[in-house]
Amino acid sequence: MLSKNARGSLLMMVSMGAFNLNDGFMKLSFEQLGVSQALFMRGCVATVILLAAALYTGAWRYVPARGERGPLALRAVGEIFATGSFMVALAHMPIANATAVLQAAPLAVTMAAATILGERVGWRRWSAIGVGFIGMLIILRPGTAGFDVYAIAAVIAVVFMTVRDLGTRAMSRRTPTVFASLMSAILITVGAAVVIPFEGWRPVDGLHLGYMLAAGTFVFAAYFTNVLAVRTGEISAVAPFRYTVLLFALGVGYLFFGDVPDRVMLLGAAIVVAAGLYTLWREQQMGHRFAAAGSARPFGGGVHGRIDGKPTSRGSTRKEF
């Protein structure tokens, strides 16, 4: 029988696979639909599923206190622009390249936590952050023909993911994860609806409707299994498996679109992942030291959410709806 950590790790890999299948179906839909239209349609599916989850768990009854509304709003703003920017990049970049750039987000969050929130970050993690951003530049290759406005959109997505995660760190532990995700899904859907008139509404055939249903289902499944993963195993054992998202991105990109990444992109991705894993390991080591000293490490986590009244994970490398 598998241990809890083994089950949690498998669930995390399932979650990452579901995220990439969602991205794959979204990218397929962009062959006929505009980005805003696809986001709106997927948002409708995700909102219905999340609303059912909120009704089932009782999260719909949650009323944020006055002090909780600011972090929720900051998180929602970051989520809206991160999702929109990433989808614009995804529509025009190979899925593996766009996903690899996103892996710099945890490094950006660590940097922002140090400069904005006052978290103590030593020279080792600063060095890892610098190395990770060099890896991102290798992936994007500024100054070459492949570096365009869509590559910039991927970087903008990283910036707003950092804004989202800072808002998430400031959220009360009382805030149910389902509630926060439902608010994000609703706001993204509304935001996409506002942009649709500028892009125009295009006819939707049965195939692309199926893509939207699949994308909405997979993105919900991804978050559901992500929560199960971090509630099943220890974070230190489960979190590194988030980086399997790159392997799934390579697989989905090849199977869906025939994308074959070059060596430069793979080198840059390896550098970003290595820097992220080192930063994660170093944060865990520092957390143990603070715990041994009997003091709480400031801003040491990521997602301060709950589902069914139980705490969820800390630290996310992925976007939400």
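Residues numbered from 1 in each chain as written. Predicted model: local features only at pLDDT ≥ 70, side-chain atom pairs only at ≥ 80, totals over all residues. Heavy atoms only, no water.

Draft legend 1. Just the overall build of the protein, in detail. Helix and strand counts for the protein come out as twelve helices and two strands. Starting at the N terminus and walking to the C terminus, you meet the elements of the protein as α-α-α-α-α-α-α-α-α-α-α-α-β-β. Expressed as a percentage of the 321 residues in the protein, the buried residues total 51%. Put simply, of all contacts in the protein between residues at least 6 apart along the chain, 87% involve residues at least 24 apart. (Helix = DSSP H or I, 4+ residues; strand = E, 2+ residues; numbered from the N terminus. Buried < 20%, exposed > 50% of the residue type's maximum accessible area, 1.4 Å probe, protein only. Contact = heavy atoms within 4.5 Å.)

Draft legend 2. Local environment of the confidence of the model for the protein. On average, residues of the protein score 83 in pLDDT, and 87% of them reach the 70 mark or higher. Within the protein, no element has a lower average pLDDT than strand 1 (residues 306–307), which sits at 33, and none a higher one than helix 11 (residues 245–257), at 93. Low pLDDT, under 50, characterises residues 294–317; the stretch is placed with 75 contacts to residues that sit more than four places away or in other chains. (pLDDT = per-residue confidence, 0-100.)

Draft legend 3. Highlighting a nonpolar patch on the surface. A cluster of nonpolar residues, M183, I186, V190, V194, V195 and F198, forms a patch on the protein surface that exposes about 550 Å² of accessible area. Within the element layout of this structure, V190 appears in helix 8 (residues 177–199). Residue classification places V190 among the partly exposed residues on the basis of a relative accessible area of 48%. (Patch = residues over 30% accessible without salt bridge, like charges linked within 9 Å, V, L, I, M, F, W, Y side chains within 5 Å. Areas by Shrake-Rupley, 256 points an atom, 1.4 Å probe, with all protein chains shown as cover. Salt bridge = Lys/Arg side-chain N within 4 Å of Asp/Glu carboxyl O.)

Draft legend 4. Structural context of the side chain of H208. With respect to the helices, strands and loops of the structure, H208 is situated in helix 9 (residues 206–232). Judged by its relative accessible area of 6%, H208 falls in the buried class. Among the polar contacts made by the side chain of H208, one reaches the side chain of D205 at a distance of 2.8 Å. With residues near it in sequence (within four places) discarded, H208 still touches L28, S29, Q32 and L33. (Polar contact = N/O pair within 3.5 Å; in protein donor to acceptor, adjacent residues only side chain to side chain.)

Draft legend 5. The side chain of R164, seen in detail. Inspection of the secondary structure assignment puts R164 in helix 7 (residues 149–170). There is a polar contact of 2.7 Å between the side chain of R164 and the side chain of D165.

Draft legend 6. How the structure looks around the environment of R169. Here R169 is to be found in helix 7. Judged by relative accessible area, R169 falls into the buried class, the value being 12%. Residues R169 and P71, 98 residues apart in the sequence, show an inter-C-alpha distance of 8.2 Å.

Draft legend 7. Representation of the packing of aromatic side chains. Considering all chains together, one arrives at nine aromatic pairs under this definition. Ring geometry for F25 against F256: centres 5.6 Å apart, planes inclined by 70 degrees, an arrangement best described as edge-to-face. Of this pair, F25 sits in helix 1 (residues 4–29) while F256 is found in helix 11, placing the two residues 231 residues apart along the sequence. Exposure remark for F256: the relative accessible area of 28% places this residue in the partly exposed category. Positioned over the ring face of F257 is K27, at 5.6 Å from the centre of the ring. (Phe/Tyr/Trp six-rings, centres within 6.5 Å; stacked < 30°, edge-to-face > 60°. Lys NZ or Arg CZ within 6 Å of the ring centre and 35° of its normal.)

Draft legend 8. Focus on the packing of helix 2 (residues 35–57) against helix 3 (residues 66–92). At a minimum axis separation of 10 Å, helix 2 and helix 3 run at an interaxial angle of 120 degrees. The pairing of helix 2 with helix 3 is recorded here as oblique in orientation. The two elements helix 2 and helix 3 cross, and the hand of that crossing is right-handed. Contacts from V35, L39 and R42 in helix 2 reach T83, G84, M87, V88 and A91 in helix 3. Considered class by class, the residues forming the contact of helix 2 with helix 3 number five nonpolar, two polar and one charged. (Axes fitted to C-alpha atoms, helices over the stretch in contact; angles between N-to-C directions. Parallel < 35°, antiparallel > 145°, perpendicular 65-115°, else oblique. Left-handed = near helix turned anticlockwise from the far one by under 90°. Nonpolar A, V, L, I, M, F, W, Y, C, P; charged D, E, K, R; others polar.)

Draft legend 9. Seen up close, the pattern of salt bridges. The tally for this structure, following the rule as stated, stands at five salt bridges. The salt bridge involving E68 is made with R174; its shortest N-O contact spans 2.6 Å. You can see E68 sitting in helix 3 and its partner R174 sitting in the loop between helix 7 and helix 8, a full 106 residues away along the chain. Relative accessible area serves as the criterion here: at 9%, E68 is assigned to the buried category. Ionic pairing is found between R164 and D165, a salt bridge with its closest N-O pair at 2.7 Å. Each of the two residues, R164 as well as D165, counts as buried.

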